[in-house]
Amino acid sequence: MRQRRTARRAALLSALLLAGVAACSAGGSTAGGAPQSGGSLVYATNQEPDCWDPHVSAQDVTAFVQRPVFDSLVYQAPNGELEPWLAEKWTIGDGGKSYVFTLRQDVTFQDGTPLDAAAVKANFDHIIARSTHSQYAAGLLGPYRDTTVKSRYVVEVRFDRPYAPFLQAASTTYLGIEAPAALKEGSDKLCSGTASVGSGPFRAASYVRGQQRGYVRNPAYAWAPKDAGHSGAARLSSFTIRFMAEDATRVGALTSGQVDAAAALPPQQIPTLKRDTRLRVVSRNVPGAVDAFYLNTKSPLFSDIRVRRAFQHAIDLDTVVASVFQGTGTRAWSPLSPTTPHAYDATREKSWGYDPELAARLLDQAGWTGRDAQGYRTKNGRTLTVVAPVYGKPTLFSQAVQGDLKKAGVKLDLAASTDATEVATLLDKGRYDVVETSWARADGDILSHFFLSTETLANGGHNFSRLADPQVDTWLRQAQAATDPQTRAAAYAKVQQRTLDQADVVPANVVKSTVGVSDRVHGLRTGISGWPEFYPAWVAAR
């Protein structure tokens, strides 16, 4: 029981950390002559995985750093479309409850063993095993039933009900296929990064905790998906990812040439970096759940929809986003990012916004008519305080919102702590009013992750609004059962509209992946989730 609680705690804290961490990304291919084979590059990022096993970890950074090592059954191209990868084809049967994959027969893992149906089954068995303590991958499997080996290269994955999001989920690193022998090494080695063996274009090489991870080319690689931007073995001989948490250190390493690319650039530095003729700065909106405030509909404060709506209209998001991100940010209108394929409802744009007079009327109607010595509203002698647990330090964005709410008489208590147990306990027991977070996923089913009533914190989900809305559940189930993109989009549009109308969520800003790239680096393109794809990259000789 303690181990299950620890896994859930890690997932909760990972979700909180996502609110202040932009996903890593890279620019598209550029001119630079004919691609060259060989050479190496160094990439700096701001975060290091707490666990290197994507079957366990919920962190974006884990999926990013392990993508070069682990291939998936399906590939999601940068335009959002799905295509074969380790599976050369698939069929959907039993009304959407069965997926039969026919595997390529030429794939070998980096330990020399072949990919076959038994290997796929071993991976899905590993993900759902209680001993794995999966924080996210198991959730991506939704109503999973079992995996059956039909023949050496044919495998069937079955679900208890129709589950259309599975193919996109199967394209993520979280459901990446690891070598069966490596799975037997145990969770300690898998999480520590010392047993990372896949079939990808790069092998995991030397690793120094807190400093860097090295990767070397897999010369046998010959099964890239059609739209991967390259075929055959990777062009780079090797590359290194360095972990640099401090913005100044990362930017300094980029401008001095110590690294060839750097992620998560601070907004105030972007104008200067753009003027450097040796660099390119590329940004892309990350698909999935935007940075948003999820209001606890079961808390004593936000169980009153008038107070939730007042919170929604009391924040001048246009001004806050422009100020904090120095003109490089985008205000969010929906819980979904505009780049989420077949899901974003553009009609939500301009449908709600800053209205301090409305916020004041709503708070008056809810009985928060008094004022304390600091100007905060009161009711029956109690200050209107919104408790927001924060693991680590509050972001500049959160602090700016805090200042905006104060003008409306609302006290936003950014309850920051580095004590994992303390923060997780607040979340576990529902002793909070709002959680700010974001989540990258190139599928509208991310809405289920946050709003489906069964996705409770106790079950490993992230329904921070603690929403139990039968109508929302119905629409989300309909979307999961539908294979037609337009049908799914229509259901997701209804969820976006209702959760905004009910003020269950207050979308804040669209998460962007921003990176600076040296002019010697070419082909380091952005994948669908905003992460760099090192496979087609190459470097010009110095």
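Refer to the structure printed above.
To start, this report covers the structure provided alongside it.

Okay, the sheet that holds strand β8 (residues 202-208) next. Here we have 7 strands laid out as an open sheet, ordered β8-β9-β10-β1-β11-β21-β12, and mixed in their pairing. Both edges of this open sheet fall to β8 and β12 (279-285), since each of them pairs with a single strand only. Averaged over neighbouring strand pairs, the angle between their axes works out to 20° when direction is ignored. Alignment of strand β11 (residues 261-263) against strand β21 (residues 512-518), held across 3 bridges, turns out to be antiparallel. Paired with A262 across the strands is G516, a residue of β21. Its contacts with the sheet place helix α8 (residues 247-255) against β1 (40-45), β11, β12 and β21, and it is angled at close to 160° to β11.

This brings us to helix α14 (residues 420-428). Of the positions making up α14, those classed as buried are V423, A424, T425, L426 and L427. Between the side-chain oxygen of the N-cap and the backbone nitrogen of T421 there are 3.0 Å, and the N-cap of α14 in question is D419. Looking one or two residues past α14, G430 carries a phi angle of roughly 70°, positive in sign.

Going through the model one piece at a time under the given rule, you end up with 28 aromatic pairs. Look at F124 and Y144: their rings are 6.4 Å apart centre to centre, the planes differ by 40°, and that puts the pair in the tilted class. Residue F124 is located in helix α3 (residues 117-128), and its partner Y144 is located in strand β6 (residues 144-151); the two are separated by 20 residues in the primary sequence. When its relative accessible area of 1% is taken as the criterion, F124 is described as buried. For Y144, a relative accessible area of 12% corresponds to the buried category. For the pair Y221 and Y535, a centre-to-centre distance of 5.5 Å together with 70° between the ring planes defines the contact as edge-to-face. Of this pair, Y221 sits in the loop between β9 (212-217) and β10 (238-243) while Y535 sits in the loop between β24 (532-533) and β25 (538-539), and the two are 314 residues apart along the sequence. Judged by relative accessible area, Y535 falls into the buried class, the value being 8%. Here the aromatic residues W90, Y99, F101, F124, Y144, F159, Y163 and F166 are joined through ring pairs into a cluster of three or more. Seen from the ring of W333, R331 lies directly overhead, with NZ or CZ sitting 3.5 Å from the centre. The ring of W352 is capped by R331, whose NZ or CZ atom sits 4.7 Å from the centre of that ring.

Our focus in this paragraph is the pairing of strand β17 (residues 385-391). Pairing of β17 with strand β18 (residues 411-417) involves 7 bridges; the strand directions are parallel. Of the residues in β18, the one forming a bridge with V390 is A416. Between β17 and its parallel partner β18, the chain crosses via helix α13 (residues 396-407), and the hand of that crossover is right-handed.

Right, let's talk about the pattern of salt bridges for a bit. Should the charged atoms of two oppositely charged side chains come close, the side chains can pair. Using the criterion set out here, one finds 22 salt bridges in the structure. With a shortest N-O distance of 3.4 Å, K407 and D404 are connected by a salt bridge. In this pair, K407 and D404 are both assigned in helix α13, 3 residues apart and thus about one turn of the helix distant. Judged by relative accessible area, which is 65%, K407 ranks as exposed. We classify D404 as buried; its relative accessible area is 8%. Put simply, R488 and D443 hold a salt bridge, and the shortest N to O gap is 3.1 Å. Of the two residues, R488 is situated in helix α17 (residues 485-501) and D443 in the loop between β19 (434-440) and α15 (446-451); the sequence distance between them amounts to 45 residues. Comparing R488 with D443 shows no difference in burial state: the two are buried.

What counts, and at which threshold
Residues numbered from 1 in each chain as written. Predicted model: local features only at pLDDT ≥ 70, side-chain atom pairs only at ≥ 80, totals over all residues. Heavy atoms only, no water. Pairing = 2+ DSSP bridges. Helix = DSSP H or I, 4+ residues; strand = E, 2+ residues; numbered from the N terminus. Axes fitted to C-alpha atoms, helices over the stretch in contact; angles between N-to-C directions. Contact = heavy atoms within 4.5 Å. Buried < 20%, exposed > 50% of the residue type's maximum accessible area, 1.4 Å probe, protein only. Polar contact = N/O pair within 3.5 Å; in protein donor to acceptor, adjacent residues only side chain to side chain. Phe/Tyr/Trp six-rings, centres within 6.5 Å; stacked < 30°, edge-to-face > 60°. Lys NZ or Arg CZ within 6 Å of the ring centre and 35° of its normal. Right-handed = clockwise from strand over helix to strand, strands pointing away. Salt bridge = Lys/Arg side-chain N within 4 Å of Asp/Glu carboxyl O.

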